[in-house]
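Residues per chain are reported as follows:
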Amino acid sequence: MSQTTSASQATGVNPAAGSQTAGSQTTGAPTVAGRVVDARASLRRSLSGTPGRLRILALLAVAVSLIFGLGAYSAFGSAEAALSRAGANAAQLVRIQAIHTNLVRADADATNAFLVGGLEPADQRTSYTSSMQQASRLIAEAAKAQPADGPALGALNDSVLTYAGLIEQARATNRQALPVGAQYLRVASSGLRSSALPILDALVQANDARVRAEFDAARGASAVLIASGVLALLVLIGGMIWLSRRTHRYLNVPMAGATVAILVTLVVGVIVLASIGSTVSTVRDGSYAATLATAKARIAAFDAKSNESLTLIARGSGSAFEKAWVSSSKVVTEQSAAATKLSNDAASMGEKWKGYVNAHAQIRTKDDGGQWDLAVKQAIGSDPTSANATFNAFDVASGAALTSNSSAAADSLDAPRTWLPFISWLGLLVGIAAAVSAWWGVSLRLEEYR
Amino acid sequence: MSRHAATCKTDTCKARTHKARTSEARTHGAQAARAHTYKAVLGSIVAGFAILVTAGCSGSGVYSTTPVPAARPSSTPTSGATSAPPVNCGNPLASFAPTGPNPAPGSPMPAGSYMKTIQDRGRLIAGVSADTLLLGARNPLNGQIEGFDIDMLKAVSKAIFGDPNRIEYRVITTAQRIPALEDGSVDIVARAMTINCARWQQIDFSTEYYRAGQKVLVAKGSPVNSMADLKGKRVCAPNGSTSMDKLRTFPGLIPVGSDTHTGCLVLFQQGKVDAITGDDTILAGLAAQDPYAYVVKAPAFTAEPYGLGVSKTHPEFVRFVNGGLAQMRTDGQWKTAYDSWLKAALGPAPAPPAAVYGRQP
């Protein structure tokens, strides 16, 4: 009501008189615009002069202290989260490589059993079945563990299903002594290599990239802590210098306390995060790298074993498979050497592989010398110097190395995670306490102006 | 301000008012500046919080989806026009005549001859098929490769060593037959190989040891009586075979290539092709493995004379092989081989194809 009258009175009247009446009426009955003006005016008044500056200092000190608290909380929290995710991604990587290993192991069993003839050995059949079962279980687990891998694992499941179907058809046909069984085996094997293995490679790459990104995140967590800490220290120390000049008191004890608390938290926090960074570097270049190398060696090894059988199945025209064996064997040797350098558990891998390489060389000598039957007999035999037995020794040694390295990596990544959440809450508390303390310190001086 | 102006009358007051006005203006300016810095401080604090919040959330554990590699295109169905240009070589069936009777089996072969090389090595290296039932196939029960083609090789082995089993089998695909001979990795090829003039340019052939003919295999119950009924259908043949060359001459069919005829059978059983074309001998072997496959009864639409392939570098070995084949035709070995492999599928033994000579190396 009063607003409309004042507005109608103000319009079309002499500006000087109008402003006079409007002004007097506004003080009488406050409008919305008037209230905002009033609030601004009182804010200006409260921030003007030395008390005003003191209030600004108090606000700034509280703000930077709280920012430091949040910074510390988020730095420790994100280090903890990054470690947790790095561990989860590393576990996923190990899972993917276990799928890969199981698939190539199944193929090695299927192809080797095929050499035997229509009646495949029961234990090789069991080994094939359990490898396929583990692979399909792991695919489901992996899809649950990392939704981002879902579509790729779905495609992988597709090709594993096709592979298993073709192998069953090969077995059934082979059991009826029909030569078309061999063709089904070849189609299955080459299909597995052309469709499933590229998907597995993509999965390994993606998860390795995720692990490395989280490693970097864990190592870079201290940046936030340092930035917020330095900001808080600058403001608090600057504020204390300004206060001491203004008030002729050398030390504002509560503010100094807040400064010291933040400084101590900052220094301790940086040390803690640096130690986590060095743990991460150790894991990345140590047990994690050893895990990767061991897994790569195992995958290449089973691939080589499949190719040994495929060379013999191809009977004289398997030079492409033997070439594949040679390059796989080179990968095994290199990765075994890399794993051995990184971990004592992997020390025997290279020696065990050499044992198998010798057995393989004997098979090749026989086959190349025209004694295919003897070569096959050696390839499917199981006496201690046979290819199967020496390969099995490598399998056992490398499997043990893989388990110990991957659990060592997981343990090292998990260790700091027990106390990191506690530290991150502590950091937040220090920030809040410093904020309260700084406010108190400034308000002591502010009291003197009342 | 206006009130000051209205109420103030005296000079001192005016002066005071002026002073007040200027000081007020100064304060006002200072306040505005302070408000500005205040806003800036507030802004930077808000920005600081925002940075912290984003820093806390950046590693939220939500990753971009793992890329699924595109499926590699299957390498099987190739169909580039590789038909050899027609070459005139006279009668393609004419081979090199034997120079007198062969040395007795197992006796030392003539010095410098390729037979001597084979004998010294201790085994004949032969390129064969391990999955062409009836002609050359690995028996899954005992792991041995056996068939009509293999029996021809056993005769050659017997003629050199006096022992039919001194053979190292090299399993090769249809397309590998000529390259394997050219690079010397096998001594002889017995793999349902048709003698023709184009191939005479690259390798030598023995005399004809069997006369096959191209037919077509379809699913049981399908209303196909000839190639003409297969318009618009996918028909499989091995790459590098005369069957594939012939298949390409039929208009309106979709040729699909494979490594071997057994590869075609897998495609047929998977429903990826509608028919398989090849020699009647080979199709009989495929039909024997699949009760739902049926070889169309119409007469063969080509003649496929089979010969043993040998490298162009040792014609004396071709003459030797021809001598052995001549003996097989007359002493009943040929009929025995036919009866044990092909009789059940293709009927009673015809007369063995007559040897034609007259070609000079």
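Residues numbered from 1 in each chain as written. Chains lettered and ligands numbered in written order. Predicted model: local features only at pLDDT ≥ 70, side-chain atom pairs only at ≥ 80, totals over all residues.

## Overview of the overall build of chain B
A tally of helices and strands in chain B yields 12 helices and 17 strands. Within chain B, contacts between residues separated by at least 24 positions form 71% of all contacts whose residues are at least 6 apart in sequence. (Helix = DSSP H or I, 4+ residues; strand = E, 2+ residues; numbered from the N terminus. Contact = placed C-beta atoms within 7 Å.)

## Quick look at the domain arrangement of chain B
Residues and elements named next belong to chain B. Once the domains are mapped, chain B shows domain 1 (94–212 + 305–357) and domain 2 (214–295). On a C-alpha basis, the centres of domain 1 and domain 2 stand 26 Å from each other. In this assembly, 16 residues from domain 1 lie in contact with 17 residues from domain 2. (Domains from an automatic or database assignment.)

## Quick word on the environment of Ala434 of chain A
Residue and element names in this part refer to chain A. Here Ala434 is to be found in helix α14 (residues 420–447). Given 28 C-beta atoms within 10 Å, Ala434 falls into the buried group. A sequence separation of 290 residues divides Ala434 from Lys144, and the C-alpha atoms of the two residues are 44 Å apart. In contact with Ala434, not counting residues within four places along its chain, are Ser65, Phe68, Ala258, Ala261 and Ile262. (Buried ≥ 20, exposed ≤ 12 C-beta atoms within 10 Å, placed from the backbone.)

## Quick word on the nonpolar core
Within the largest apolar cluster, 215 residues are counted, with the highest numbers of intra-cluster contacts made by Ala61, Ala79, Ala218 and Ala438 of chain A together with Ile188 and Ile276 of chain B. At 35 residues, helix α4 (residues 49–116) of chain A tops the list of elements feeding residues into this core. In contact with Ala438 of chain A, not counting residues within four places along its chain, are Ala61, Val62, Ser65, Leu236, Pro254, Met255 and Ala258 of chain A. (Core = buried A, V, L, I, M, F, W, Y, C linked by C-beta atoms within 7 Å.)

## Some remarks on the interface of chain B and chain A
On the chain A side, the residues contacting the 44 residues of chain B number 51 residues. For the side of chain B that touches chain A, the secondary structure elements donating two or more residues are α2 (11–58), β4 (136–138), β6 (167–171) and α8 (261–269) of chain B. A per-element tally of the side of chain B that touches chain A places α2 of chain B first, with 11 residues. Tallied by class, residues from the side of chain B that touches chain A come to 22 nonpolar, 15 polar and 7 charged. (Nonpolar A, V, L, I, M, F, W, Y, C, P; charged D, E, K, R; others polar.)

## Quick word on α8 of chain B
With respect to burial, α8 of chain B is a largely interior element, 8 of its 9 residues being buried. In the stretch just after α8 of chain B, Gly271 of chain B is the one whose phi turns positive, near 75 degrees.

## A look at the sheet that holds strand β8 (residues 204–205) of chain B
One open sheet holds the 5 strands; their spatial order is β6-β2-β7-β16-β8 (chain B), and the pairing between them is mixed. Among the strands making up the open sheet, the edge pair consists of β6 and β8 of chain B. (Pairing = 2+ DSSP bridges.)

## Let's talk about the environment of Ala221 of chain A
Residue and element names in this part refer to chain A. Looking at the element boundaries, Ala221 is found in the loop between α7 (180–219) and α8 (222–247). Separated by 87 residues in sequence, Ala221 and Glu308 place their C-alpha atoms 49 Å apart. With sequence-adjacent residues up to four places away left out, Ala221 is seen in contact with Ala75, Ser78, Ala79, Ala82 and Leu273.

## So, the domain arrangement of chain A
Under the domain assignment, chain A is made up of domain 1 (2–41) and domain 2 (53–94 + 207–447). On a C-alpha basis, the centroid separation for the pair domain 1 of chain A and domain 2 of chain A is 68 Å.

## Some words on the packing of α7 of chain A against α8 of chain B
Running from amino to carboxyl end, α7 of chain A crosses α8 of chain B at an angle of 75 degrees, the nearest separation of the two axes being 9 Å. Relative to α8 of chain B, α7 of chain A is oriented roughly perpendicular. On the side of α7 of chain A, the interface is formed by Val180, Gln183, Tyr184 and Val187 of chain A, while α8 of chain B contributes Thr262, Gly263, Leu265 and Val266 of chain B. (Axes fitted to C-alpha atoms, helices over the stretch in contact; angles between N-to-C directions. Parallel < 35°, antiparallel > 145°, perpendicular 65-115°, else oblique.)

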